[in-house]
Amino acid sequence: QSQLGGVITSGGGFSNLYTAPSWQAASIANWKATFTSTTTPYPGYNLVGRGYPDVAAMAANYPIIVNGNQSIVYGTSCSTPVMAAMISLVNAARKAQ
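Presented here is a report on the structure given in the accompanying data block.

About the thresholds
Residues numbered from 1 in each chain as written. Predicted model: local features only at pLDDT ≥ 70, side-chain atom pairs only at ≥ 80, totals over all residues. Heavy atoms only, no water. Helix = DSSP H or I, 4+ residues; strand = E, 2+ residues; numbered from the N terminus. Buried < 20%, exposed > 50% of the residue type's maximum accessible area, 1.4 Å probe, protein only. Contact = heavy atoms within 4.5 Å. Areas by Shrake-Rupley, 256 points an atom, 1.4 Å probe, with all protein chains shown as cover. Expected span 1.5 Å × (residues − 1). Arc of directions from axis to C-beta. Polar contact = N/O pair within 3.5 Å; in protein donor to acceptor, adjacent residues only side chain to side chain. Pairing = 2+ DSSP bridges. Phe/Tyr/Trp six-rings, centres within 6.5 Å; stacked < 30°, edge-to-face > 60°.

1. Some thoughts on the overall build of the protein chain
From N to C terminus, the protein chain includes two helices and four strands. Counted from the first residue to the last, the protein chain has its helices and strands arranged as β-α-β-β-β-α. Split into buried and exposed, the 97 residues of the protein chain put 16% on the buried side. Taking contacts inside the protein chain between residues at least 6 apart in sequence as the whole, the part at least 24 apart equals 54%. As presented, the protein chain carries roughly 7700 Å² of accessible surface, and 59% of it is formed by carbon and sulfur atoms.

Here you go:
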């Protein structure tokens, strides 16, 4: 809905199923220490589960070409394959070492 003025938000956060492993404790505590009255998450936001990252690529005003015609599109249908391609390149480079 960003093409209609909506906001594209993050997908990272904390698991509702899995507890945070001990190696994440310091990072989570450091992140929570940065909260201010205007940055504290909305009540009900889970802050205690296993943290998982948000990885992203451009998903707004994304130029594509279909049958030789260029269009501008929006959404994860564009950014997801780009992110997958980037990870594939990283994995191929690591495997080649």
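More follows now that the structure is in view.
2. Points about helix α2 (residues 76–96)
In this model, α2 (21 residues) spans 30 Å end to end at C-alpha, consistent with the 30 Å of a helix rising 1.5 Å per residue. Looking at α2, one finds that the buried residues are C78, S79 and M83. Down the axis of α2, the smallest arc covering the buried residues is 120°, so these residues share one side. Across from the buried face of α2, at angles greater than 90 degrees, the exposed residues are S77, K95 and A96. On its buried face, α2 sits against β3 (62–66) and β4 (69–73).

3. Section: the side chain of N46
Inspection of the secondary structure assignment puts N46 in the loop between α1 (25–32) and β2 (49–52). Of note is the side chain of N46, whose polar atom sits 3.5 Å from the backbone oxygen of F14. Filtering out sequence-adjacent residues up to four positions away, N46 remains in contact with F14, S15 and N16.

4. Details of unusual backbone geometry
Here the phi dihedral of N61 falls at roughly 55°; this positive angle occurs in a residue that is not glycine. A positive phi angle is found at N67, which is not glycine, with a value near 55°. Look at N67 and you get exposed, because its relative accessible area is 76%.

5. Quick word on the pairing of β4
When β3 meets β4, the two strands line up antiparallel, connected through five bridges. Each bridged residue has a counterpart across the sheet, and for I65 the counterpart in β4 is Q70. Between β3 and β4, which pair antiparallel one after the other, the connecting turn spans two residues, and N67 there sits at a positive phi close to 55°.

6. Side note on the packing of aromatic side chains
Inspection of every chain in the model, using the stated rule, returns two aromatic pairs. Note on F14 and W31: the rings are 5.6 Å apart at their centroids and 40° apart in plane angle, and the pair reads as tilted. A residue pair is termed long-range when its members are at least 10 positions apart, and F14 in strand β1 (residues 13–19) and W31 in helix α1 qualify at 17 residues. Classification of F14 as buried rests on a relative accessible area of 12%.

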